Amino acid sequence: AQKITQTQPGMFVQEKEAVTLDCTYDTSDPSYGLFWYKQPSSGEMIFLIYQGSYDQQNATEGRYSLNFQKARKSANLVISASQLGDSAMYFCAMREAYTGANSKLTFGKGITLSVRP
Amino acid sequence: NAGVTQTPKFRILKIGQSMTLQCTQDMNHNYMYWYRQDPGMGLKLIYYSVGAGITDKGEVPNGYNVSRSTTEDFPLRLELAAPSQTSVYFCASGEPGLQETQYFGPGTRLLVL
């Protein structure tokens with residue numbers, strides 16, 4: 001079974017509107033972390049936001065927020081007030097097991113977001 | 001502070017050739033990683049290292065080798081390149097910890113013909 005599932009093939013949003021990018025995950029580990037990365041057309045991977053499995057509140061970072069629904073095992077990224085520069089590929093990733101040797105990220109396949117002017 | 005640097009940025013190899021992808025970080029991170037990203041896909045872990053002299057296989061290690069003689073450097077070696085190794089390769093570094101993010105290099109685009 002896939003650990004990270006991103007099924008939206010591509011998303012379009014009008015500039016200045018909000019958009020939600022979906023991510024579901026699968027783990028039996030009670031302790032895990034969830035990450036979102038942005039990959040613009042230039043190719044670099046940019047860290048956006050982090051959510052811990054024990055965090056009581058949804059994470060927020062500027063225009064980015066994470067809608068964390070633990071029982072549903074979903075960690076959707078919400079981008080408010082979209083900008084043209086938000087057009088990129090977005091990856092959800094998970095880290096399981098708070099142990100040094102297993103500090104690895106598992107990535108989803110990504111979602112392409114296009115912001116229309 | 002350059003972060004994570006990778007060389008080369010782009011390379012074309014012939015089938016059967018070998019090459020080394022270089023990765024250097026200046027953040028004194030203990031953990032370093034090599035990923036590959038195939039078109040339209042997420043990143044898959046090739047190898048990782050938890051410190052100088054210690055390396056371990058990731059999800060897709062076949063056809064690759066790594067070494068970690070210093071904290072800063074983590075080169076990835078391709079022996080006998082195959083078309084299936086055409087991909088974008090990312091090096092990353094970080095520290096252990098559930099919420100520690102990984103810092104990525106700019107990537108190396110490799111084409112094997």
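Since we're looking at a predicted model, the values are computed, not measured.

Criteria and cut-off values
Residues numbered from 1 in each chain as written. Chains lettered and ligands numbered in written order. Predicted model: local features only at pLDDT ≥ 70, side-chain atom pairs only at ≥ 80, totals over all residues. Heavy atoms only, no water. Disulfide = S-S within 2.5 Å. Helix = DSSP H or I, 4+ residues; strand = E, 2+ residues; numbered from the N terminus. Buried < 20%, exposed > 50% of the residue type's maximum accessible area, 1.4 Å probe, protein only. Pairing = 2+ DSSP bridges. Contact = heavy atoms within 4.5 Å. Salt bridge = Lys/Arg side-chain N within 4 Å of Asp/Glu carboxyl O. Polar contact = N/O pair within 3.5 Å; in protein donor to acceptor, adjacent residues only side chain to side chain. Nonpolar A, V, L, I, M, F, W, Y, C, P; charged D, E, K, R; others polar. Axes fitted to C-alpha atoms, helices over the stretch in contact; angles between N-to-C directions.

Q: Which residues make up the state of the cysteines, and what values go with them?
A: The tally for this structure, following the rule as stated, stands at two disulfides over all chains. Across the disulfide, A:C23 is cross-linked to A:C92 (sulfur-sulfur distance 2.0 Å). Disulfide A:C23 to A:C92: torsion about the S-S bond roughly -65 degrees, handedness left-handed. Here A:C23 is found in the loop between β3 (19-21) and β4 (24-25), whereas its partner A:C92 is found in strand β10 (residues 88-96), with 69 residues between them in sequence. Summarising the burial analysis for this pair, A:C23 and A:C92 share the class buried. At a sulfur-sulfur separation of 1.8 Å, the disulfide partner of B:C23 is B:C91. Residues B:C23 and B:C91 share a disulfide whose torsion about the S-S bond is about -70 degrees; that sign makes it left-handed. Taken together, the positions of B:C23 in strand β3 (residues 19-25) and B:C91 in strand β9 (residues 87-94) put the pair 68 residues apart, joining distant regions of the chain.

Q: Residues and numbers for the pairing of β10(A), please.
A: All names here are of chain A. Counting buried positions along β10 gives nine out of nine residues, so the element sits mostly inside the fold. Residues A88, Y90, C92, M94 and E96 of β10 are buried on one face, and the alternating residues M89, F91, A93 and R95, pointing to the opposite face, are buried as well. Bridge analysis of strand β5 (residues 32-39) against β10 gives eight bridges, and the strand direction is antiparallel. When the bridges of β10 are listed, L34 appears paired with M94. Across three bridges, the pairing between β10 and strand β12 (residues 111-116) is antiparallel. Considered in β12, the bridge of M89 is made with T112.

Q: Give a description of the interface of chain B and chain A that names residues and reports values.
A: With 21 residues of chain B at the contact, the number on the chain A side is 22 residues. Between chain B and chain A we count zero salt bridges in total. Run the count over chain B and chain A and you get four residue pairs in polar contact (both at pLDDT 80 or more). Counting residues per element, the ones that place at least two in the side of chain B that touches chain A are β4 (31-37) and β5 (43-51) of chain B. Considered class by class, the residues forming the side of chain B that touches chain A number twelve nonpolar, seven polar and two charged.

Q: Give a description of the side chain of B:R36 that names residues and reports values.
A: Residues and elements named next belong to chain B. Assignment of secondary structure puts R36 in strand β4. On the basis of relative accessibility, which here comes to 11%, the residue R36 falls in the buried class. Polar contacts involving the side chain of R36 include one to the side chain of Y64, which spans 2.8 Å. Residue contacts for R36: discarding those within four places in its chain leaves G42, L43, K44, I46, V60, Y64, S84, Q85, T86, S87, V88 and Y89.

Q: Before we move on, could you go through the sheet that holds strand β8 (residues 76-78) of chain B and cite the residues and values that matter?
A: Residues and elements named next belong to chain B. The four strands are arranged β1-β3-β8-β7 in an open sheet whose pairing can be described as antiparallel. The two strands at the open ends of the sheet, each matched to only one other strand, are β1 (4-7) and β7 (64-66). Pairwise comparison of adjacent strand axes, ignoring direction, gives a mean angle of 20 degrees for this sheet. Across four bridges, the pairing between β1 and β3 is antiparallel. Following the sheet pairing, Q6 is matched in β3 by C23.

Q: An account of the pattern of salt bridges is needed here, citing residue identities and associated values.
A: Evaluated as defined, the whole model comprises five salt bridges over all chains. Two residues, A:K3 and A:E96, come together in a salt bridge whose shortest N-O distance is 3.2 Å. Taken together, the residues A:K3 in the segment before β1 (4-5) and A:E96 in strand β10 connect sequence positions 93 residues apart. Classification of A:E96 as buried rests on a relative accessible area of 18%. Here B:D38 and B:R36 are joined by a salt bridge, their closest N and O atoms 2.8 Å apart.

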